[in-house]
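# Commentary on secondary and tertiary structure
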Amino acid sequence: MDSKIKFYKFIVVGGGIAGVSCAEKLSSLCPDDEILLISASTLVKTITNYRKITKTLESFDVEERPMLSVETGCPNVKVVHKYVSLLEADKHILHTVDGTEYQYGKLCICSGGKPKLIAKDHPYVLGIRDTQSVKEFQKQLSTARRIIVVGNGGIATELVYEVEGCEVIWAIKHKSISSTFVDPGAAQFFLSSLNKEKSKEEAPSKRLKYTLEDDKYLASSTTKLGGALGPDWSAHLHMTGLMQTSHQVHVEYLVEIQKLLSPEEFESAGLSESCVPESFICDKSWPVYVQLTNDKVYGCDFIVSATGVTPNTDPFLTGNQFTIAEDGGFKVNDHMQTTVQDVYAAGDICTVSWELSQHWFQMKLWSQARQMGVYSAMCMVADDQKEDIQLDFCFELFAHCTNFFNYKRFNAQGLGNDYELLLRVTKDLEYIKVVLQNGRLQGAILIGETDLEETFENLILNQIDLTPFKEHLLEPNIDLEDFFD
Ligand code: FAD
């Protein structure tokens, strides 16, 4: 070992929720070891008010704090604000851009992802990932009359609902909205909220709040690599365009972006804008035009590209034999180990490659980033001490709770082929869909205040044969909790 290089038994890269959860867990498991947390962001994400709602469902608040606050809570964690530029895995050495080298026993990479943009470095295309990119979005929106949102996941869904005073054309490649999270039936339930006046009542929120203090830290950030935003990120943000209108949304289904055109290109191609809803502006020239794969052309002030993330693997790749998954993440086994010795990965950077339980799948979410961060710390310590460790229970069942269109939404998924669906819908109030296979509950989507999440989670986990009760499962007058107690 080179004596000039400082050695840490455990090093974690990344100040997002995965990295911080990993470092905190390592700190509690190994109070006598010094742990190094390296983060390119000046603020780190920490979870407070953690509460287990059901066995697999959790709620928590998310706070962005100055990175040194981790050291206060965990005295054996040292935090440095640096960008890792190279990994020499054969020597167990990490290099940071300032030329410093750190040697590790075990390393956990939690470097997250960056938005997958439809066009790189295009002046009219914005991606949303961290606080800074949201601020840029708000700034541009304040002078906008029309935006085009591309993508059909959580970010696009929340944006489209939150934006007011600006026309929104929502371009999605599926045949129903929000398809990353809900099925076409639930999408239909949400659809009526799209052009409705937004309720001014505020639901209780877990959103992290940004203060002037935060701005100071952000302004000093040199890397522009903040951690990803999290739950309810959009709930209290002022997302208002230039016009005096509430929601105005037009959805284009089954399309992708074919071409982006400048006003000159639009003109010289002899194109004209496609019909927009009557209430939309139609006699304006725009700074940018979008041609969709259905050949429709729309102008707008700017485009929001919300089409997923690309894992931040670049600095770690040169000279190392990582196996990379199809989505660009580091493949990890059931010990959160990558294919490079003593290198673990957690959160948005990794792609699980163990044999999944029937009711769990990976989604790049806060909850999973936290669970993976904690579990990877447990694995690092168990492996170091040559102890066995069982896959954590949180990987048994996928459960996620969020708010879309002001409705609380819970789903637990895992579909087979020959399944049976039961549905209960009360317009504008609740949408309940359950999936049965051989009489056993396999998944559920619950929208609204249904209070059924715990009962349904138990029914998925214990796999009771529900055939005799099937007819009554969704009857509103039956108290299922009492029934299955
Ligand atoms: P990140 O939070 O991206 O953190 C990565 C960290 O690594 C950062 O600190 C970065 O600075 C650091 N880093 C990167 N490269 C280097 C390097 N080379 N050297 C040193 N440090 C480096 N999830 C939900 O569950 N619910 C939601 O409602 C929700 N909404 C979202 C809304 C938006 C707009 C976005 C962008 C994401 C949302 N997500 C949501 C997803 C969730 O935020 C992510 O899954 C989660 O934050 C990922 O955490 P992470 O720690 O893996 O990565």
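Treat the numbers as computed from the prediction; the structure is a model and nothing was measured. Residues take numbers from 1 onward in each chain, read along the sequence in its written order. Local features are withheld for residues below a pLDDT of 70 in this predicted model, meaning they are given only at 70 or higher, and side-chain atom pairs are given and counted only at 80 or more; totals for whole chains, interfaces and linings count all residues.

### Description of the UniProt feature "domain: FAD/NAD(P)-binding" (unreviewed entry) in the chain
Here is the rule we go by: UniProt positions are given in the numbering used here, feature names are shortened, and annotations may be inferred rather than shown by experiment. A run of DSSP states H or I qualifies as a helix once it reaches four residues; a run of E qualifies as a strand once it reaches two. Both are numbered from the N-terminal end.
UniProt's feature table lists "domain: FAD/NAD(P)-binding" (unreviewed entry) at residues 8–163 and 289–373, given in the numbering used throughout. Taken as a whole, residues 289–373 contains 14% helix and 28% strand, while its terminal C-alpha atoms sit 42 Å from one another.

### Concerning helix α3 (residues 131–141)
Keep this limit in mind: Each residue is classified by how many other C-beta atoms fall within 10 Å of its C-beta atom, where C-beta atoms are placed from the backbone; a count of 20 or more means buried, 12 or fewer means exposed, and values in between mean partly exposed. Throughout, the arc means that of the directions going from the helix axis to the C-beta atoms.
Inspection of α3 places Thr-131, Val-134, Phe-137 and Leu-141 among the buried residues, and these make up the whole buried set. Down the axis, α3 shows its buried residues gathered within 120° of arc, on one side only.

### A word on the pairing of strand β16 (residues 297–300)
In plain terms, the rule: When DSSP finds two or more bridges between a pair of strands, those strands are recorded as paired.
Alignment of strand β15 (residues 288–292) against β16, held across four bridges, turns out to be antiparallel. Paired with Tyr-289 across the bridge in β16 is Gly-299. Between β15 and β16, which pair antiparallel one after the other, the connecting turn spans four residues, and Asp-295 there sits at a positive phi close to 75°.

### Observations regarding the sheet that holds strand β12 (residues 167–171)
We apply this condition: To obtain each axis, a line is fitted to C-alpha atoms, and for helices this fit is confined to the stretch in contact; angles are then taken between N-to-C directions over 0 to 180 degrees. Working definition of a contact: two residues with C-beta atoms, positioned from the backbone, lying within 7 Å.
Strand order in the open sheet formed by five strands is β10-β17-β11-β12-β13, with parallel pairing between adjacent strands. Because the sheet does not close on itself, it has two edges, and the strands there are β10 (125–127) and β13 (249–252). The average undirected angle you get between the axes of adjacent strands in this sheet is 25°. As judged from the four bridges shared by β12 and β13, these two strands associate in the parallel manner. The residue bridging Ile-169 from the neighbouring strand is His-250, located in β13. Against the sheet, α3 contacts β10, β11 (146–150) and β17 (302–305), and its axis sits at roughly 140° relative to β10.

### Description of unusual backbone geometry
The phi torsion at Asp-121 lies on the positive side, around 55°, for a residue other than glycine. As for its placement among the helices and strands, Asp-121 is situated in the loop between β9 (113–115) and β10. C-beta crowding within 10 Å serves as the criterion here: with 6 such atoms nearby, Asp-121 is assigned to the exposed category. Positive phi, close to 75°, is recorded for Asp-295, a residue that is not glycine. Tracing the sequence through the fold places Asp-295 in the loop between β15 and β16.

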